[in-house]
Each structure stands twice: as C-alpha cells, then as structure tokens.
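Read off the chains here:
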Protein chains: 2
Amino acid sequence: MKAELLTIGDELLIGQTTNTNAAWLGRRLSALGVRVGRTVTVSDTRAAIQQALDRAYAEARLVVCTGGLGPTHDDITREVVGAYFDAPLETNEDLLARVRRYYTRRGRDMPDTAPRLAQVPDGFEPLENPVGAAVGLWHEADDGRLIALLPGIPDEMTSIFDASVEPRLEAQPGIGEVHHRTLVTAGIAETQLQERLGDLSDALGPDVHLAYLPSTSGVRLRLSADATETDAQARLDAVEAVLRERAGRFIIGTGDVTLEDVLGDLLRAHNATLAAAESATGGLIGHRLTSVSGSSDYFLGGIVAYANAVKQDVLGVEGAALRAHGAVSEAVAKQMAAGARAVVGATHGISTTGIAGPTGGTEEKPVGTVWVGYADADGARARRFQFVEDRALNKKLFASAALEQARRSLV
Amino acid sequence: MKAELLTIGDELLIGQTTNTNAAWLGRRLSALGVRVGRTVTVSDTRAAIQQALDRAYAEARLVVCTGGLGPTHDDITREVVGAYFDAPLETNEDLLARVRRYYTRRGRDMPDTAPRLAQVPDGFEPLENPVGAAVGLWHEADDGRLIALLPGIPDEMTSIFDASVEPRLEAQPGIGEVHHRTLVTAGIAETQLQERLGDLSDALGPDVHLAYLPSTSGVRLRLSADATETDAQARLDAVEAVLRERAGRFIIGTGDVTLEDVLGDLLRAHNATLAAAESATGGLIGHRLTSVSGSSDYFLGGIVAYANAVKQDVLGVEGAALRAHGAVSEAVAKQMAAGARAVVGATHGISTTGIAGPTGGTEEKPVGTVWVGYADADGARARRFQFVEDRALNKKLFASAALEQARRSLV
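As the structure is a prediction and not an experimental result, all values here were calculated from the model. (Residues numbered from 1 in each chain as written. Chains lettered and ligands numbered in written order. Predicted model: local features only at pLDDT ≥ 70, side-chain atom pairs only at ≥ 80, totals over all residues.)

## Observations regarding the interface of chain B and chain A
Here comes step 1: Counting residues at the interface gives 75 residues for chain B and 69 residues for chain A.
Here comes step 2: Partitioning the side of chain B that touches chain A into residue classes produces 34 nonpolar, 29 polar and twelve charged.
Here comes step 3: Summarising the sheet, strand E2 (residues 35–42) of chain A and strand E2 (residues 35–42) of chain B pair through five bridges and their orientation is antiparallel. In the strand pairing of E2(B), A:Val40 is matched with B:Val40. (Contact = placed C-beta atoms within 7 Å. Nonpolar A, V, L, I, M, F, W, Y, C, P; charged D, E, K, R; others polar. Pairing = 2+ DSSP bridges. Helix = DSSP H or I, 4+ residues; strand = E, 2+ residues; numbered from the N terminus.)

Structure representation (structure tokens):
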C-alpha cells in the first residue's frame, strides 16, 4: 500500500517546530509495510490544503493528514476536507457531550469555539483521542482509498494512531509489507565504505534496496526488501552475509544501536570500567557515554582537561612532554589516557587532544588534527586522525574516533 | 520571495531520520524574509525527484533542494536536475583537484566514484563546502528563478547555506522585507514566560508578530515586523521595551547568542575562570562551554564524577555527606562545585548531581530531580530543580540550569 503524509502548519514551514510527526508516522507506516511515497508540508490555508489533498489523493491509496483539527480559527482542516469530499459538517451530539466533559473535568470554561471539535464531515468516522479534546477522523472510499485526519500535537497524534488507525490499516486487504534491516558501521567514511563494498548489484538483485545513511558517529546501511516475496528474510540474510564478508570489521551492530551502546556492552562483557580524559572534546565523550541508561555500570567518570595545567596537575601529564611535543601529540594523548585510568580508578582510559578550530591550527598540526589515546593494564597507545575545519563537527568526529578506538581494542 | 523546500531521501520518508534540515532551512529563510510555501520530501528515484522539482519550480521563485549529492550510486540529484534543465554534466577540473586534495589530506585513496563530486550541470555554479567533499550547486535562471542544491548531511548543508546561499539571497532584489528581532531568555519555561508577559495585543498592534521559540536552553522570543513600514525598527524598539519591562531579568541577550556565550563574556569581564563537576550531565556542561571558540580563556576543565568514588577521591566530597544525604543532595552539590574549583584551580565552580532517568527515581527524589551547585571565593550554594521524565531531555535541562545559575551569580 502506498501512502502520502500531509502535515499542515506554518510552524513547520518556518521551522519553529521540527516535523517529528512525519518521522514517527514514517516509521510506523513502514513497519506495517505501507510505503510512504511522499511527505508534504503546507500552510494552514484553504487553497494550500486543498491542492495538497488533491495531489495526495490522486496518487496514494492512504493519505494521513496531521494538524488543523483544533478549536481555533486557523484550524481549518476539517472544513477543507469536508468540502473536498462534498461532505457537509454535522455536529455529533456524543462528541459534543465529550468535549463539554473534557473542559469540566479540567475545571475550565468551554471556549466558544470548542463546539467545532464535535463537527464531523458526513461519511467520516470519529477516532477517539485518549489524551486531548480533538478527535481524529477516518474515511474509507468505495474504491478502497483511505484518509486519516489526526491532530498535530504529537502525543495526541500518536495516541490516536495507536488506538484507532493502526488496527484499521491492519484490517485492510493487501497491506503490503516491506522488511527493513539496518547494519550500523563505525570508523569508516561513506565513500571508503562504498568502495570496500564494491558493486553490489548481483547481491542486491532487483528486489533488495541498499541506502547509505551517514552521520558523525558512523554510516548506517539500510536494506529494504518487499516482504510479499516469500523469501524476503532469506534474501536479506544473503545480502547481509555479503556486506559482512566485505566490511565485517566495521559493522558494529544492527538496528538502532549506537557506538556508545556497543562499547558499553563490550565493557560490561569484559567486566571493565572506563575513564575519559578530554581536551578537544570538552566533555562530549562523557556526555555520549552517559546518554545510555545504565552506563554507570561501566563509565566511572573523567577529567575534562582543557587547560594544560589541568593536564599536568590532575592527570599527571609530564611538563616535559607538553614542552617537547605540544599538547596535541602522541605522548600527551597516551599520558592523558593513562592518567584518566589512574585518577578515576578505572580499568580502561581513553583520551582526546586536538585542534577543533577555527583558531589554533599550524602548518604541522592544522585544524582538524586530533590524537586519540587508549590505555589499559598493558599500557597506552595513541592514533592520529585528520578531520575537517568546522569546530562543532570536529568535536563530534573526535569523540566518535575515541569511542571507536576503545571499541576496536575490546572486540 | 516565495520558496519551496525539496528534501530528498528514503530515510526521511521511513522516519529513520527526522527532517531537521527542513526546520533549519525554514528558520533561516524566514529570517531572510523568504516565505516557505511548501516542503516536500520524496524518495531518491528519478521520477519522484523530477515530478517534485517540476511542481516546485512552477510555483516558487526559490527552490532549495537537499540530499542526493554524494558520490554513491543512489545520489542522483545532480543528474536529475541537470536533465531537467537540459544542462549536460561537465567535469570541473578545479573541483576535481579539490576532491583529490580532500582525500589526500586525509591520507586516503580517492574512491572510483569520487570524480562524480566534480561534475557540474552546465550553467550551475559550484558552492564551496567547508566541511565535506560534496559541493553545493546554484542556478539563477534568466527569469529570476533560483535553485540551490545542497547535500543532505546537516553539517554540510548548514555550512554551505551560511557561506554561499545566504549571501546570494541577500543580493537578490526584493528580499529581506521582514525585520526580525530575537530576545533570548533563560531560566524560565514557556508557559511561565507567557503568563509573565501577559496580554501583548496592544503592544504588538497589527503589524508586529511575536513567536515563542522554546528549546532546552531557554525560550527565544522572536519579533517580526513588516519592513516596508517606515517605522518598523521603532515599532520593534517599543515592543522590546515592553518585553524587557515585564521579563527583563530573564532576558540574557539578543539574536543568536547562547547561554554559554553570555556566561563566557561575563567570566571574561570578571577575569574569572570556571571549573565544572558533572555527575548527571556526564560532560555536557563542558561540551557546551567548549562549543564556544575561545572558551579556553575562561574554562579550565572539570571532573566528570559519575561514580560516587570519583566524587570522593577526585573532588573531595565527604563520605559522610554521601551517606547522610545521598549523592543527589544539596550538601553533595555544594561540595562538588567547591571541589571542582579547588582541583582545577579555577575562581568559580559549578556542579550537577541528579537523576536523569529512566531508572533511579524514588518517592522523595523522582526522576528529573537535580541539585545544581555553585562555588566562588565566598563559599558554595546549591539549588534544587524538578524537570521531566526523559533522560536525554533531563541532561540538557540540568546543564542549562547549572549554566544559568552561574550566569545569574555573575550578573
């Protein structure tokens, strides 16, 4: 089944609100095997909604529309959709009583505009809203085309979808199925990964699609297969095997797993604990590690050693090393990682010392240079990387390089 | 000027990636007085891109298109757009040399597919990418219609927009007819702020619009006035005066300034230096402080004291305080802030100790509880806040509370 999402609201167009509704619906519909072919965001004006609805309804079997169902004067979705289907709005007395109860329970006067919430276009079915005043609306045409109207407030939208839209979709004949499988990589750039994987057309065949999804923590490889093929899972297994054969050592996990998740699991499996000594990353490594719930099992803490005095006085980096090689050097990265391990009392230590930019670069150590250190009971080592010119991006790439170095050391 | 955004990629349709590019571009274009009339997301197929481009180009003077400019086989935007404009792709030798340098500097072989990055449709201008290999592309038609093609990776997209697209838009006749002024607040939630500001309809009048832009670091108040009004700046001045009269102590700056910028300027003005002791925030405070270029002038470093042993052994928190009050307590927050100051050798110290969740909450100290500490030469103090149930959100709110406490102490 092919779907189109129509998300309505000026706040989305001017970026005051990020369109998380579209992402959430995309995930949920894909999981049901509904293929989202297009997502459109338009202003809450009659002409814009009508044109978008017309285009969506012409091309998709399912249209899911969010926004513009509230009680205020700029909530016009109900009216525009009603007019589009030649379906006059009628007040639903049960809904009106429900709207009254909604305000009474909250000890608030019912606004003059609230009775609009009880208006339903002829032929549409109201969908219960467990968390708000505005109901959803559902329409099945004789030709099998479907339309769902949902409020724009994320909690209300998701609640109505879960309770009422998903079951109605599951009951549709011929609901298509797409199986997705995602392999998560680290420590390799998109182009290097592509080169390593080489020509995959034979492996993929006509029915499996591969997408590269790069981010600052790594590239995810997403495989999609039409599940109406009886052997879709077997096909995905076969493609995954080829990917692992060619780039296995860069594949750190599957699905939504992150580098910090994988590193955490490895540390747990080794009964190991970790400390971080951060200069250029300023605390980002600790922040990422502690974004994982339960990370206190293995991450004890660290030292943000931004000033050289802190590197010396707290981490025990030798003044001679700083003078001889500079703060951004192999010797200092190693001593920082070993120092973090010793000061915090962890079995393992990692470190970063680099030049995030925009200032501080030299011919020999340009902006984007970082030394990443690693220390365990066997000693310390460090590796140099050269990244980009942007400060914010460098901090992210430095942190990923340090986490990935630790992961590889523990595999 | 009317614009349409065209964001390309299956990962957006299936919700694997949230469309933050559309929100960012919406904000930036609005700030330039460009009205985004529609945002469309389509699959990375030739037919889908072509149809969307055709519709966008027919209705908008400016089309901004993101995604599909990388070197891989599913990056087809360059080809599809070239074909749409009957503009054959030609290899730009300067760009090719740049792509080669990009890989050489990183010590990597250039992938076979990389030369595609140097292909430019005839009549298009390449736009320098400061942070990645794929350039942007720009086209101005004889009839004044504009098209910008940008990579989908957010860091690259925003860098190219800042450096090359915005200046080209500002040079267009008839642009910039809206004046915006943004007041940045901290330490107050949107609803409280709304209540404090009260009814603003008289102050705003018909021609000034106020938008509340909440984020985890504070609420920004964006005023917009139609610049064709001769007294637009005077009108904005008058509204700003009213906002400052009613909520002045929460307004920390204007424009794009951040809480960490303001705190950094205050520390500089006081000749002060700062150290952070972070438990619940795990390093996020240090990461935010060091996101400001030049922060090494005042931020010396800190201790991420995730484990209680680190709080005791490194920061000198008393075991008795931990036993009597628990790690999330006023006494521990104060000792952490004082400890950070002493260990790092800074004039000022800040700290966080809290329960980010989802586990670890109790009746007395539910998830979302945080104590934020502050220490200077006069001693230490701490304040308790109660935030939300989401771990990621709590970490951000905890960090903002600590930074804001330090700012208020220095004003």
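Past the structure itself, the notes keep going.
## Section: helix H4 (residues 77–84) of chain B
Residues and elements named next belong to chain B.
Here comes step 1: Within H4, the full set of buried residues consists of Thr77, Arg78, Val80, Val81 and Gly82.
Here comes step 2: The inward-facing, buried residues of H4 abut strand E1 (2–8), helix H3 (46–59), strand E3 (62–66), strand E4 (89–91), strand E5 (119–121) and strand E8 (146–150).
Here comes step 3: Directly beyond the C-terminal end of H4, a positive phi value near 55° is found at Asp86. (Buried ≥ 20, exposed ≤ 12 C-beta atoms within 10 Å, placed from the backbone.)

## Here we look at the domain arrangement of chain A
Here comes step 1: Examined at the domain level, chain A breaks down into domain 1 (2–170), domain 2 (178–254) and domain 3 (259–410).
Here comes step 2: Each of domain 1 of chain A and domain 2 of chain A has a C-alpha centre, and these two points are 36 Å apart. (Domains from an automatic or database assignment.)

## Observations concerning the sheet that holds strand E11 (residues 218–226) of chain B
Residues and elements named next belong to chain B.
Here comes step 1: Strand order in the open sheet formed by four strands is E10-E11-E9-E12, and the pairing between neighbours is antiparallel. Each of the sheet's edge strands pairs with one partner strand only, and the pair in question is strand E10 (208–215) and strand E12 (251–254). Direction aside, the axes of adjacent strands within the sheet are offset by 25° on average.
Here comes step 2: Relative to E11, E10 runs antiparallel, the two being bridged by eight bridges. The partner of Leu213 across the bridge, within E11, is Arg220. (Axes fitted to C-alpha atoms, helices over the stretch in contact; angles between N-to-C directions.)

## Side note on the nonpolar core
Here comes step 1: Membership of the largest hydrophobic core comes to 141 residues, with the highest contact counts inside it found for A:Ile303, A:Ala337, A:Ala340, B:Ile303, B:Ala337 and B:Ala340.
Here comes step 2: Those residues in contact with B:Ala340, other than ones at most four positions away along the chain, are B:Ala275, B:Ala276, B:Ala277, B:Gly302, B:Ile303, B:Leu315, B:Gly349 and B:Ser351.
Here comes step 3: Counting 97 residues, the second-largest nonpolar core is a separate cluster that includes A:Ile8, A:Leu53, A:Ala56 and B:Leu12. (Core = buried A, V, L, I, M, F, W, Y, C linked by C-beta atoms within 7 Å.)

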